[in-house]
Amino acid sequence: ENMKRYLVTLCIRDGEHEYYSTFQHDLDPKLLAFPEHQRDKYVLKEINGYDYEETWCGKSYEDASGNDYRHYTVYSLKEISPEHQKILSSYGIY
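Residues numbered from 1 in each chain as written. Predicted model: local features only at pLDDT ≥ 70, side-chain atom pairs only at ≥ 80, totals over all residues. Heavy atoms only, no water.

Q: Sorry, what's going on with the environment of E54 here?
A: Examined against the element boundaries, E54 turns out to sit in strand β3 (residues 52-54). In this structure E54 comes out as partly exposed when scored by relative accessible area, which is 42%. E54 sits 32 residues away from K86 along the chain, and the two C-alpha atoms are 34 Å apart. For E54, the residues in contact, after removing those within four places along its chain, are H37, S60 and Y61. (Helix = DSSP H or I, 4+ residues; strand = E, 2+ residues; numbered from the N terminus. Buried < 20%, exposed > 50% of the residue type's maximum accessible area, 1.4 Å probe, protein only. Contact = heavy atoms within 4.5 Å.)

Q: For this particular structure, what's the right way to read the pattern of salt bridges?
A: Side chains carrying opposite charge are able to pair once their charged atoms draw close together. Inspection of the entire model under this criterion finds 8 salt bridges. Close ionic contact of R5 with D26 constitutes a salt bridge, the shortest N to O distance being 3.1 Å. Here R5 is found in strand β1 (residues 4-14), whereas its partner D26 is found in strand β2 (residues 17-27), with 21 residues between them in sequence. Classification of R5 as partly exposed rests on a relative accessible area of 22%. Overall, D26 belongs to the partly exposed group, its relative accessible area being 35%. (Salt bridge = Lys/Arg side-chain N within 4 Å of Asp/Glu carboxyl O.)

Q: Looking at this structure, how should I read the side chain of D63?
A: Of note, D63 is situated in strand β4 (residues 61-63). The side chain of D63 sits in the buried core without any salt bridge; R70 is the nearest counter-charge, 8.1 Å away. Of note is the side chain of D63, whose polar atom sits 3.3 Å from the backbone nitrogen of D68. With near-sequence residues (within four places) excluded, D63 lies in contact with Y50, D51, Y52 and D68. (Lys, Arg positive; Asp, Glu negative; His and termini not counted. Polar contact = N/O pair within 3.5 Å; in protein donor to acceptor, adjacent residues only side chain to side chain.)

Structure follows, in structure tokens:
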């Protein structure tokens with residue numbers, strides 16, 4: 001596998017609250033080239049370990065098993081160069 005490190009920001013909607021979570025994660029660039037809805041489902045499964053399905057509001061997804069009622073949106077994905085991984089970690093983004 002030819003994984004690369006990405007800076008991932010998720011928008012998480014929990015009831016009336018919305019917040020963002022930013023972290024580093026290894027992802028397969030070939031799978032990130034998929035159409036957006038497939039790509040986002042791949043990213044969420046890779047990060048959280050569950051299958052996701054689209055919610056009624058389009059670009060957000062929820063856990064297909066129904067165990068997690070929060071809605072997730074892949075807000076941004078940026079490849080991180082190896083020399084920046086340590087820098088980001090020093091700022092608390094792991």
